[in-house]
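# Coordinate analysis (summary)
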There are 2 protein chains.
Amino acid sequence: MSYVVYGMASSGNCHKVKMTLENLRLPYQWREIDTLKGETRTPSFLAMNSNGKVPVLAIDQTQYLPESNAILWFLAEGTPLVPADKLDRARVLQWMFFEQYSHETAIAVARYIRAFLNQHDDSRLPELQKRGYAALGVMDRHLEARDYFVGSALSIADLALFAYTHKADEGGFDVAPYKSVVAWLDRVTSAPGVSVMPSP
Amino acid sequence: MSYVVYGMASSGNCHKVKMTLENLRLPYQWREIDTLKGETRTPSFLAMNSNGKVPVLAIDQTQYLPESNAILWFLAEGTPLVPADKLDRARVLQWMFFEQYSHETAIAVARYIRAFLNQHDDSRLPELQKRGYAALGVMDRHLEARDYFVGSALSIADLALFAYTHKADEGGFDVAPYKSVVAWLDRVTSAPGVSVMPSP
C-alpha cells in the first residue's frame, strides 16, 4: 500500500499521523497544506474530504480517509500500538474521543488563537484555559499510577494525546504542575517515531 | 457480562448506547443521572469517570467505560454493527469522530441551549447554527448515493449520528432540505433497537 498524507506540519492532528507512520516505519509522502490560505476549501481538497479539514490519508491514491484518530486506528490496528484485549481497545478509543472532544477543542484551539492568529486578548481564551486545565487534570490523575494511557505499553492513545499536550505552552498553558503528565511526556518523547511538532 | 448504563435518557450520547444495546439484544440496567442537578460531579460519579460526563458503561460492576462512541465500539465489535473490512472499520470511526467533533459540538450544544436551558436568544446560537448546517451538508452529500454511512448495512456510525440528528429540530435546525439525510433517518428509524429519544 502507498500512503500520502495531506497535512499541515504545525497541526497536532497531522503531527500524530506523522508520528504513527514513523513509529511503524511505514513509507509515506507528505503534501503540505496551508489551512490559513484556504487550501482545505478548494474543489480538489473537498473531493477528498467534504468536511474540509486536514489530515487526509490517501491510500493507493484511490481511497481518502479523513479524521486524524480514524487514520491512526487504520494504520495501527494489528500492530503493538493497538492492544489485542477488547476492553483495552475500547479504552484506546475512550482516550482518543476524550482527546477530540475535551482536549483538542480547548488546548489546540487556544494554541491556534494565540500562536497562529496572534490574538492574545481573544475573548474566548479564558474559557478555553479553564477547559484545557480541566483536561490536563483528568490526564494527570489517570497517569498517577500508570506509564501509558492504556495497559503498560505505548498506544495510539498516547500518540494522539501527545500531539497537542507537548505544545500546550503555545496555547498559554503551564503543564509543569501536572507532574504525572510531565513524566509521561518525557516517556513518550523517547519512543520510536515521536518528534517535536514545528511551531507555526 | 452484566451491563449498567449511567446515563440521561434525553441525552443523545446516552440514547445511542441504549439503541446499540437494544439492537444487539444485550440485557442491561439503566441508572438515570440528571446532569443539570450536578449528579455527574459527585465523588462517586467522578470515581467512575473523572471527566464528569455521561454516559458511563459499568461492566460487571468492576470496570467503568466512559465516552459514548468508545462504548458503542466495545459493545458492537465482532457483531454486524462493526464491519469486518479494515478500511470500513476505520470509516466507521471516521464518522464517529466527525460526530463528536463537527456534529455534536454544534447540533447537540444548540439543542442543549434551546431545549434544556430555554435560552433562545443565546449569543452562541448563530455560530452553532452555521456549523450545524455545515455538518448536515456533509452528511447529505455523503448519503446521496448511499443507504448507510459505511458499506451497505447499518453500523454504529449510523446509530451515533442518528442520536442527535433525529432531534435536530429541538436545536432549531430544519432538516427537511437535506433530503438524503431525511431518507436515511427514515431508514434508520425502522432498524431493530432504534427509538425516538425523549425530549427534555
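It should be noted that the structure appears before, not after, this text.
Residues numbered from 1 in each chain as written. Chains lettered and ligands numbered in written order. Predicted model: local features only at pLDDT ≥ 70, side-chain atom pairs only at ≥ 80, totals over all residues. Heavy atoms only, no water.

## A word on the overall build of chain A
- A tally of regular secondary structure across chain A gives seven helices and four strands.
- The order of α-helices and β-strands along chain A, N terminus first, is β-α-β-α-β-β-α-α-α-α-α.
- Computed over C-alpha atoms, the radius of gyration of chain A comes to 16 Å, within 12% of the 16 Å expected from 2.2 N^0.38 for 200 residues, which places it in the range of a compact globule.
- Taken along the three principal axes of its C-alpha coordinates, chain A extends 45 × 45 × 25 Å.
- A fraction of 69% describes how many contacts in chain A between residues 6 or more apart in sequence connect residues 24 or more apart.
- Approximately 8200 Å² of chain A is accessible, and the part contributed by carbon and sulfur atoms is 51%.
- Looking at chain A, you have 20 positive and 22 negative side-chain charges, and the mean spots of the two groups are 2 Å apart. (Helix = DSSP H or I, 4+ residues; strand = E, 2+ residues; numbered from the N terminus. Rg over C-alpha atoms; globule rule 2.2 N^0.38 Å. Contact = heavy atoms within 4.5 Å. Areas by Shrake-Rupley, 256 points an atom, 1.4 Å probe, with all protein chains shown as cover. Lys, Arg positive; Asp, Glu negative; His and termini not counted. Charge placed at Lys NZ, Arg CZ, Asp CG, Glu CD.)

## Here we look at the pattern of salt bridges
- Tallied over the full model, the rule gives 18 salt bridges over all chains.
- Notably, a salt bridge pairs Arg89(B) with Glu77(A), separated by 2.7 Å at the nearest N-O pair. Of this pair, Arg89(B) sits in helix α4 (residues 86-116) while Glu77(A) is found in the loop between α3 (68-76) and α4 (86-116), placing the two residues in two different chains.
- A residue is classified by how much of its surface remains accessible, and Arg89(B), at 11% relative accessible area, is buried.
- We note a salt bridge from Arg124(A) to Asp122(A), for which the minimum N-O separation is 2.9 Å.
- We classify Asp122(A) as buried; its relative accessible area is 15%.
- Salt bridges here are not isolated pairs; linked through shared partners, they connect Glu77(A), Arg89(A), Glu77(B) and Arg89(B). (Salt bridge = Lys/Arg side-chain N within 4 Å of Asp/Glu carboxyl O. Buried < 20%, exposed > 50% of the residue type's maximum accessible area, 1.4 Å probe, protein only.)

## Some points on the packing of aromatic side chains
All names here are of chain B.
- Going through the model one piece at a time under the given rule, you end up with 16 aromatic pairs over all chains.
- Ring geometry for Tyr112 versus Phe116: centroids 5.3 Å apart, planes at 25 degrees, classification stacked. Of this pair, Tyr112 and Phe116 both sit in helix α4, separated by four residues, roughly a single helical turn.
- A residue is classified by how much of its surface remains accessible, and Phe116, at 16% relative accessible area, is buried.
- Seen from their ring centres, Tyr133 and Tyr178 are 6.1 Å apart, and the 15 degrees between their planes marks the pair as stacked. (Phe/Tyr/Trp six-rings, centres within 6.5 Å; stacked < 30°, edge-to-face > 60°.)

## Quick notes on the interface of chain B and chain A
- Between chain B and chain A, the contact holds 31 residues from the first and 31 residues from the second.
- Contact with chain A buries area across many residues of chain B, yet Lys86(B), Phe97(B) and Tyr101(B) alone supply 23% of it, more than any other trio.
- On inspection of chain B and its partner chain A, the count reaches two salt bridges.
- Remark: the boundary between chain B and chain A carries twelve residue pairs in polar contact (both at pLDDT 80 or more).
- Going through the elements one at a time, β4 (63-66), α3 (68-76), α4 and α5 (125-143) of chain B are the ones with two or more residues in the side of chain B that touches chain A.
- Looking at the side of chain B that touches chain A element by element, the count peaks at 15 residues for α4(B).
- Of the residues assigned to the side of chain B that touches chain A, the class counts are 15 nonpolar, eight polar and eight charged. (Buried area = accessible area lost by both parts, 1.4 Å probe. Polar contact = N/O pair within 3.5 Å; in protein donor to acceptor, adjacent residues only side chain to side chain. Nonpolar A, V, L, I, M, F, W, Y, C, P; charged D, E, K, R; others polar.)

## Here we look at α3(A)
Residues and elements named next belong to chain A.
- By the criterion of burial, α3 is predominantly enclosed, with nine of the nine residues buried.
- Buried within α3 we find Ser68, Asn69, Ala70, Ile71, Leu72, Trp73, Phe74, Leu75 and Ala76.
- At the exit of α3 stands Gly78, carrying a positive phi of roughly 90 degrees.

## Observations regarding the pairing of strand β2 (residues 29-32) of chain B
- Where strand β1 (residues 3-7) of chain B and β2(B) come together, four bridges link them in parallel fashion. Counterpart to Val5(B) in the pairing with β2(B) is Trp30(B). (Pairing = 2+ DSSP bridges.)

## Structural notes on the relation of the copies chain B and chain A
- Once turned by 180 degrees and shifted 0.0 Å along the axis, chain B lies on chain A with an RMSD of 0.0 Å. Expressed as an axis order, the relation between the two copies is that of a two-fold axis. Of every C-alpha in chain B, the one belonging to Tyr101(B) sits nearest the axis of rotation, 3.1 Å from it.
- By residue overlap, the copies meet face to face through one surface: 100% of the interface positions of chain B are interface positions in chain A. (Least-squares fit on C-alpha atoms with pLDDT ≥ 70 in both.)

## A word on the sheet that holds strand β3 (residues 56-59) of chain A
All names here are of chain A.
- Spatially, β2-β1-β3-β4 is the arrangement adopted by the four strands of the open sheet, whose pairing is mixed. Because the sheet does not close on itself, it has two edges, and the strands there are β2 (29-32) and β4 (63-66). The mean angle between the axes of side-by-side strands here comes to 20 degrees, regardless of whether they run parallel or antiparallel.
- Strand direction decides the pairing type here: strand β1 (residues 3-7) and β3, joined by four bridges, are antiparallel. Its bridge partner being in β3, Val5 is matched across the sheet by Leu57. (Axes fitted to C-alpha atoms, helices over the stretch in contact; angles between N-to-C directions.)

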